[in-house]
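# Working through the structure, step by step
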Amino acid sequence: MPDALHLQALLDQCADKRESALAELYRLASPHLFALARRMLRDQAAAEDVLQECFVIIWRQAGQYRAERSQAMTWMTRIVRNRCIDRLRRPDREVPDPDDSLTLAMADEGPGPLAQLQASQDGRRLADCMGQLEGSQRVAIAMAFFDDLAHPDIAARLGTPLGTIKSWIRRGLQRLKRCLE
């Protein structure tokens, strides 16, 4: 993994539109970012396209990167991850299945993950403890862990200051820990 401070410095230089910094950033970060895109998209060509799109985004938005919010690799990884999710959600990604053979072959008659969680003893305990939280804490924790959202994204969705979101989550997790012990 490349040095975090070096990546941060390269992003700062990209914000100043230094092309040599982008080339170095690409050399250092692209193996990790491409592996993520390849793993998510399961398609070499699509992963290459997404990686190229993301480095254009990184180049254009480098001035918006804030080291106090996250490490440089985390920031770039989030860009790639979000672009991959966007790509996967596109309607043209659907594979034709005229006779439903693919759907039937992939069908799983067993309970889904949510049903399995609710059926388990630990799941019931967690659900009981989550129910004891204040509504704001419960919503913020659910968005962070079940929807995989970062604190700034939760704050934006709820229209609540970032510090408040962080406090809700921290206090809610403390209460959950005490409840589950």
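Position numbers for residues start from 1 in each chain and track the written sequence from start to end. Whole-chain, interface and lining totals are the exception, using all residues; otherwise, since this is a predicted model, local features are given only for residues with pLDDT of at least 70 and side-chain atom pairs are given and counted only at 80 or more. Computation of side-chain values covers all heavy atoms of the structure but excludes hydrogens and water.

## Here's the deal with the state of the cysteines
Worth spelling out the cut-off: Note on terminology: pairs of cysteine sulfur atoms within 2.5 Å are recorded as disulfides.
By the definition in use, this model includes one disulfide. Lacking any disulfide linkage, Cys-54 is separated from the closest cysteine sulfur, that of Cys-84, by 6.5 Å.

## Let's talk about the layout of surface pockets
To be explicit about the condition: A pocket here means an open set of points on a 1 Å grid, computed over the protein atoms alone, that has protein on both sides within 12 Å along at least five of seven lines. A cavity is instead a set of points where a 1.4 Å probe fits but cannot get out; residues with an atom within 4 Å of a point line either one. Grid points are joined across faces, edges and corners, and a volume is the space filled by probe spheres set on the points. The helix and strand labels rest on DSSP assignments: H or I over at least four residues marks a helix, E over at least two residues marks a strand, and numbering proceeds from the N terminus. Charged means Asp, Glu, Lys or Arg here, nonpolar means Ala, Val, Leu, Ile, Met, Phe, Trp, Tyr, Cys or Pro, and polar covers whatever is left, Gly included.
Reported here for the largest pocket is a volume of approximately 870 Å³. Lining the largest pocket are 26 residues, and of these Arg-78, Asn-82, Ala-150, Pro-152 and Asp-153 lie nearest its centre. At the level of elements, helix H3 (44-61), helix H4 (72-89), helix H9 (151-158) and helix H10 (162-180) are the ones that each hand at least two residues to the lining of the largest pocket. When residues in the lining of the largest pocket are grouped by element, the largest group, eight residues, is from H4. Across the lining of the largest pocket, the residue classes tally to nine nonpolar, five polar and 12 charged.

## Points about H10
The criterion, for reference: How far a helix is expected to stretch is found by multiplying one less than its residue total by 1.5 Å. Burial classes follow relative accessibility: with a 1.4 Å probe on protein chains only, a residue under 20% of its type's maximum area counts as buried, one over 50% as exposed, and anything between as partly exposed.
Its 19 residues place the ends of H10 27 Å apart at the C-alpha level, agreeing with the 27 Å of an ideal helix rising 1.5 Å per residue. Of the residues making up H10, those classed as buried are Ile-165, Ser-167, Trp-168, Ile-169, Gly-172 and Leu-176.

## Brief notes about the environment of Ile-58
As a reminder, the rule being used: In what follows, a contact means two residues having at least one pair of non-hydrogen atoms within 4.5 Å.
Within the element layout of this structure, Ile-58 appears in helix H3. Separated by 18 residues in the primary sequence, Ile-58 and Met-76 have C-alpha atoms spaced 7.1 Å apart. Ignoring anything within four residues of it in the chain, the contact list for Ile-58 reads Leu-11, Leu-25, Trp-75, Met-76 and Ile-79.

## Re the nonpolar core
Definition in use: Residue types Ala, Val, Leu, Ile, Met, Phe, Trp, Tyr and Cys, when buried and joined through side-chain atoms within 4.5 Å, form a set referred to as a nonpolar core.
By size, the foremost hydrophobic cluster in this structure holds 29 residues, and its most contacted members are Leu-11, Leu-25, Leu-33, Ile-58 and Met-76. Taken together, the elements giving at least two residues each to this core come down to helix H1 (4-15), helix H2 (19-41), H3 and H4. What Leu-11 contacts, discounting residues up to four positions off in sequence, is Leu-25, Ile-58, Ala-62, Tyr-65, Ala-72 and Trp-75.

## Examining the pattern of salt bridges
For clarity, the threshold we go by: Salt bridge, as applied in this entry: a Lys or Arg side-chain nitrogen positioned within 4 Å of an Asp or Glu carboxyl oxygen.
Tallied over the entire structure, the rule returns four salt bridges. Across the salt bridge formed by Arg-83 and Glu-53, the nearest N and O atoms sit 3.7 Å from each other. In this pair, Arg-83 is assigned in helix H4 and Glu-53 in helix H3, connecting sequence segments 30 residues apart. We classify Arg-83 as partly exposed; its relative accessible area is 30%. A salt bridge links Arg-81 to Asp-148, with the nearest nitrogen and oxygen atoms 2.7 Å apart. With Arg-81 in helix H4 and Asp-148 in the loop between helix H8 (135-145) and H9, this residue pair connects regions lying 67 residues apart in the sequence. Residue classification places Asp-148 among the partly exposed positions, given a relative accessible area of 46%.

## Examining H1
Our working definition: Each direction from the helix axis to a C-beta atom contributes to the arc, which is the arc of those directions.
Between its terminal C-alpha atoms H1 stretches 17 Å, which fits the 16 Å expected from 12 residues at 1.5 Å a residue. Leu-7, Leu-10, Leu-11 and Cys-14 are the residues of H1 that are buried. The arc enclosing the buried residues of H1, seen along the axis, measures out at 100 degrees, which places them on a common side. In the core, the buried residues of H1 are packed alongside H2, H3 and H4.

## Overview of the packing of H1 against H4
Here is the rule: Simply put, an axis is a line fit to the C-alpha atoms, just over the touching stretch for a helix, and the angle between two N-to-C directions goes from 0 to 180 degrees.
The N-to-C vectors of H1 and H4 enclose an angle of 65 degrees; their axes lie 8 Å apart at closest approach. Only Ala-72, Met-73, Trp-75 and Met-76 of H4 make contact with H1, whose side of the interface consists of Leu-7, Gln-8 and Leu-11. By residue class, the composition of the contact of H1 with H4 is six nonpolar, one polar and no charged.

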